Every structure is written in C-alpha cells, then in structure tokens.
Amino acid sequence: MANQDLLGELVDIARSFATYGKVADYIPALRDQNPDDLAISIYSIENESYYAGDHLKKFTLQSISKVIALALVLMDNGEEEVFSRVGMEPTGDPFNSIAKLETHKPSKPLNPMINAGALAVTNMISGNSVVEKWDRLIEFICHLTGQKVTYNEDVAYSELQTANLNRSLCYFMKQHGVISGNVEDLLVLYTKQCAVEMNCMDLAKIGAVFANDGADPESGKQLITKDVARICKTFMVTCGMYNSSGEFAIKVGIPAKSGVSGGIMGSVPGKCGIGIFGPALDEVGNSIAGVKLLEGLSGKYSWSIF
Ligand code: GLU
C-alpha cells in the first residue's frame, strides 16, 4: 500500500501546481476557499489509512455527490427505469451545458455525471417529500462514511440563489417528460446534496466501498450491490472528470469523480479509496493539484486499471 512519507512528498510537489488554477466562484460561497489547500487520504480495503495535508478539513462534495445519488437511485429503481431517463454516454461538453438536451434525440441527458443527468437522477430518489428524500440520501451517505455527516447550509443556500442554469435544465427536462414534480423542490434537494460536507478521510472511505465491490471494508456489510458499484465506477472512468475524462484515463487510469469545490474521490478496484481536496481548479473544473497528485500516485503504485 501507500507510504506515509512518500505521500507527503507527492503532496508537496503537486501543491506547486495550485498557482495555475482558480477557485470556483460561480457559487458565491465557494469563492473564499484557500487555493493553496491540498490534502489526501487513502483508505485501503484492509482498513489501513494514510494521509497528508490537512486531511480533516471539511469541504462540500458538489459533483462527487452525483455518484452517490446514482448508486442510491439505481438500487431504488433498477437499471431499466433509471436509464430510460438518463443515458450512458460521455460528452465533450461542459458539465452545465444545455446544448445536447436540445440537439440529442431522445432529449434525455447524456449521462448522470453532468448536471442535467444528475438532476434527473436526484429527481428519482424515493420519498413522498423533499424531507423524506433528503433523509434517505443523507442516511445512505452516513452509512457509507460510517460518520455522522451533514450539509453546509450556507453553500446550499448560496447555490440555490444562483442556480438559474440548473433551473433551466430542469424546466427543459420537465417539458420533455424526463423529470416530474416541482422544480424548486428538486433544486432544494439537489443543492443540499451538492453541499454535503465531509473531509478527505470520509471521502476515501466511500471510495473504498466502491473499490470493495460495494461492501463496507470495515463491517463487510454490502452497502451497494456489486452490480451498481460496477456501473458507478464505469461512469467514473468515462465521465467522472468532466470533459477531460479521456486524458485522465490515460494519465491516471483510476475511476474518479471530481467536484467544483476541489474534491476528488478515487476508487482503485480491489485496493483502496482516495479522498482529495485541493480547491484550485483547472479550466474544465478539476482540482489542478489533485489531478497532479493522482498522476504521481498512480504512476508510483501502478494503480491504473488499464
Ligand atoms: N452544485 C454544482 C452545480 O450544480 C456542482 C457542479 C460540479 O461540481 O461539477 O453546478
């Protein structure tokens, strides 16, 4: 497995790349993050943990939450129902693009890792109200981390006030029968989901559950079915790193999902989960230092699945 000292060295090298990135500012509450932060945790399926940097600092999941919601919704509704509303194909478009919804027929989102697809997925969480749906989602996340996790109210509120692009995606999809129900309720749920807050160690633990075919490495309990864990890891490979997923697959080769907060969850099948936080982003929205760090790690330990 990893080596604690080497991890510290790799973090120091990768941190120097943060100066070439920029913290996300389209969600006002994310603007104040420190661009020089960089931390990592690794959680092996043998329950060993390694870390470097401020690995206990909390951050919001943003798009990383899309994989978790997908796992829950696939287990709730089954593949057939889910994939009747959202596709399986990667896109070269940015995560918040509306373009393909109109030009691609049928007009369902291309995949669950872009905003349109994620909104359609969150719309399928079971429950009779926003509260019930939220309770199910957060309970699931708490089981995955083994911790009492909650969300950052300021970040959720800040996004809700400014989420007009996501609003447009929802109204477009409602018109075309992809989503149902009240759009504002869906946005409340989605922004809370994106604002779920945790540290690198918690995130590494979730990555380890996926790496361990859906079973909690600690208790052995099957938290996600093996099939659903496989589907989620496949989406992480094909669409997890925005529109640079191809380059990431070549240079790193680890199933991973990033978010605009600067988090990255990695899952090395049969080995470990990885949680990274580095808020300075590259031009597509991935943590710039985080990607460098994963590149170094994957090369060092031959973790590419290819
Ligand atoms: N909450 C963000 C949004 O919907 C998530 C985007 C991301 O992390 O890619 O815009």
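Cut-offs applied
Residues numbered from 1 in each chain as written. Predicted model: local features only at pLDDT ≥ 70, side-chain atom pairs only at ≥ 80, totals over all residues. Heavy atoms only, no water. Helix = DSSP H or I, 4+ residues; strand = E, 2+ residues; numbered from the N terminus. Buried < 20%, exposed > 50% of the residue type's maximum accessible area, 1.4 Å probe, protein only. Contact = heavy atoms within 4.5 Å. Salt bridge = Lys/Arg side-chain N within 4 Å of Asp/Glu carboxyl O. Pairing = 2+ DSSP bridges.

Moving on: the overall build of the protein. If you tally the helices and strands in the protein, you get 12 helices and eight strands. When the backbone C-alpha atoms are referred to their principal axes, the protein occupies close to 55 × 40 × 35 Å. Counting only residues that meet the buried cut, the protein has 58% of its 306 residues in that class. Nonlocal contacts in the protein, meaning residues at least 24 apart in sequence, comprise 69% of its contacts between residues at least 6 apart.

In this structure the tally under the stated criterion is 13 salt bridges. Of the charged contacts in the structure, one is a salt bridge between glutamate 218 and lysine 205, with a shortest N-O distance of 3.0 Å. Within this pair, whereas glutamate 218 is found in the loop between α9 (200-211) and α10 (226-239), its partner lysine 205 is found in helix α9, the two being separated by 13 residues in sequence. Close ionic contact of aspartate 227 with arginine 230 constitutes a salt bridge, the shortest N to O distance being 3.3 Å.

Our next topic: the pairing of strand β2 (residues 49-52). Residue alternation in β2 divides its side chains into a buried set, Tyr50 and Ala52, and an unburied set, Ser49 and Tyr51. In the sheet, strand β1 (residues 39-44) pairs with β2 via four bridges, with the strands oriented antiparallel. Residue isoleucine 42 lies in a different strand from β2, and its bridge partner there is tyrosine 50. Connecting the antiparallel pair β1 and β2 is a turn made up of four residues, with asparagine 47 showing a positive phi of about 65°.

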